[in-house]
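Examination of the molecular architecture
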Amino acid sequence: MERLQKVIANSGLCSRRVAEELIEQGKVTVNGEVIQTMGVKVSKKDHILVDGKALPESNLVYYVLYKPEGCVSTVEDEKNRKTVLDFVPSTERVFPVGRLDYDTSGLLLITNDGTFSNLMTQPTSRIEKEYLVKVEGFLRKETSARVERGIKIDDYKTRRARIRNVVYNKKTETTSLSLIITEGKYHQVKRMFEAVNHPVIKLKRTRLGIVTLDDMAKGEFRLLKPHELKQLRHLAKKK
Ligand code: URA
């Protein structure tokens, strides 16, 4: 037996706080009866409806998190820092798909589906990743074109990339731009701009394939929509 709000949150439908609000608003029924008091315990046999709809069936969950800066993309941290899992419901054994640096914000997928995670992170996957990047200095057109063609990092050359929406800020002597890449090597974006002497000051991932942050706020999560999941799987398999 588990508390109703926990069962709702663990289904991946929403956070526990939102589940409590839904209960208070009289939107949750258990075996046909509206439950508005907190702490009611339910079991697997109970029939729970939220807004008249059953909870998601599968125990596989797929979240889109707007990762804030100041947390690690790991399940645990030996230094006891905040992790990305502090922002999603405490569903069984979820983990981030790939990584964003401690000081990087933006779109991160979190799941308990290992097969999906492997598919997304395999080196042959060419899913587009879009970043909003702020770099030091004035980024010349030629430099931008060099980055797009591919930059040598150690013994490796980055794949073709796209840069758009380049804006120079005279006051701060920084350049903001959108960068689209189709790979995800360790510290890739920072190393690409480091290699052309424009250190990255700020980095945010805004898109993964067709998945965007919409109007989410930092620290918020949502469920990945079924068509987004389908599309990501499709794109990851495409060579
Ligand atoms: N590239 C980086 O350098 N850091 C990130 O967090 C993501 C991409």
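What this report covers is the structure whose coordinates are included nearby. (Residues numbered from 1 in each chain as written. Predicted model: local features only at pLDDT ≥ 70, side-chain atom pairs only at ≥ 80, totals over all residues. Heavy atoms only, no water.)

Where helix α3 (residues 114–121) contacts helix α6 (residues 226–237), the two axes come as close as 8 Å, and the packing angle between them is 50°. Regarding the angle of α3 to α6, the classification is oblique. Note on packing geometry: the crossing formed by α3 with α6 is left-handed. Of α6, the residues touching α3 (which contributes Phe 116, Leu 119 and Met 120) are Leu 229, Leu 232, Arg 233, Ala 236 and Lys 237. Across the contact of α3 with α6, the residue classes break down as six nonpolar, no polar and two charged. (Axes fitted to C-alpha atoms, helices over the stretch in contact; angles between N-to-C directions. Helix = DSSP H or I, 4+ residues; strand = E, 2+ residues; numbered from the N terminus. Parallel < 35°, antiparallel > 145°, perpendicular 65-115°, else oblique. Left-handed = near helix turned anticlockwise from the far one by under 90°. Contact = heavy atoms within 4.5 Å. Nonpolar A, V, L, I, M, F, W, Y, C, P; charged D, E, K, R; others polar.)

This paragraph deals with the pattern of salt bridges. Tallied over the full model, the rule gives 17 salt bridges. With its nearest N and O atoms 3.4 Å apart, the salt bridge here joins Asp 214 to Arg 222. Given the relative accessible area of 14%, Arg 222 is considered buried. Taken together, the shared-partner salt bridges connect Glu 128, Glu 130, Arg 162, Arg 164 and Arg 207 into one network. (Salt bridge = Lys/Arg side-chain N within 4 Å of Asp/Glu carboxyl O. Buried < 20%, exposed > 50% of the residue type's maximum accessible area, 1.4 Å probe, protein only.)

With that settled, consider the side chain of Ser 105. Considering the arrangement of structural elements, one finds Ser 105 in strand β9 (residues 105–111). If we skip the residues at most four places from it in the chain, Ser 105 touches Tyr 66, Lys 67, Pro 68, Glu 69, Leu 100, Leu 203, Lys 204, Arg 205 and Lys 218.

If you check which residues of helix α2 (residues 16–24) are buried, you get Ala 19, Leu 22 and Ile 23. Buried positions in α2, seen along its axis, are confined to an arc of 100° and lie on one side of it. Opposite the buried face of α2, by more than 90 degrees, sit the exposed residues Arg 17 and Glu 24. Next to the buried residues of α2 lie α1 (4–10), β2 (28–30) and β5 (48–50). A positive backbone phi angle near 75° is found at Gly 26, which sits one or two residues after α2. (Arc of directions from axis to C-beta.)

Our next topic: a positive patch on the surface. A surface patch of like charges, here positive, comprises Arg 146, Arg 149, Lys 157 and Arg 160. Tracing the backbone through its elements, the reader meets Arg 149 in helix α4 (residues 141–149). Residue class for Arg 149 comes out partly exposed when judged on its relative accessible area of 48%. (Patch = residues over 30% accessible without salt bridge, like charges linked within 9 Å, V, L, I, M, F, W, Y side chains within 5 Å. Areas by Shrake-Rupley, 256 points an atom, 1.4 Å probe, with all protein chains shown as cover. Lys, Arg positive; Asp, Glu negative; His and termini not counted. Charge placed at Lys NZ, Arg CZ, Asp CG, Glu CD.)

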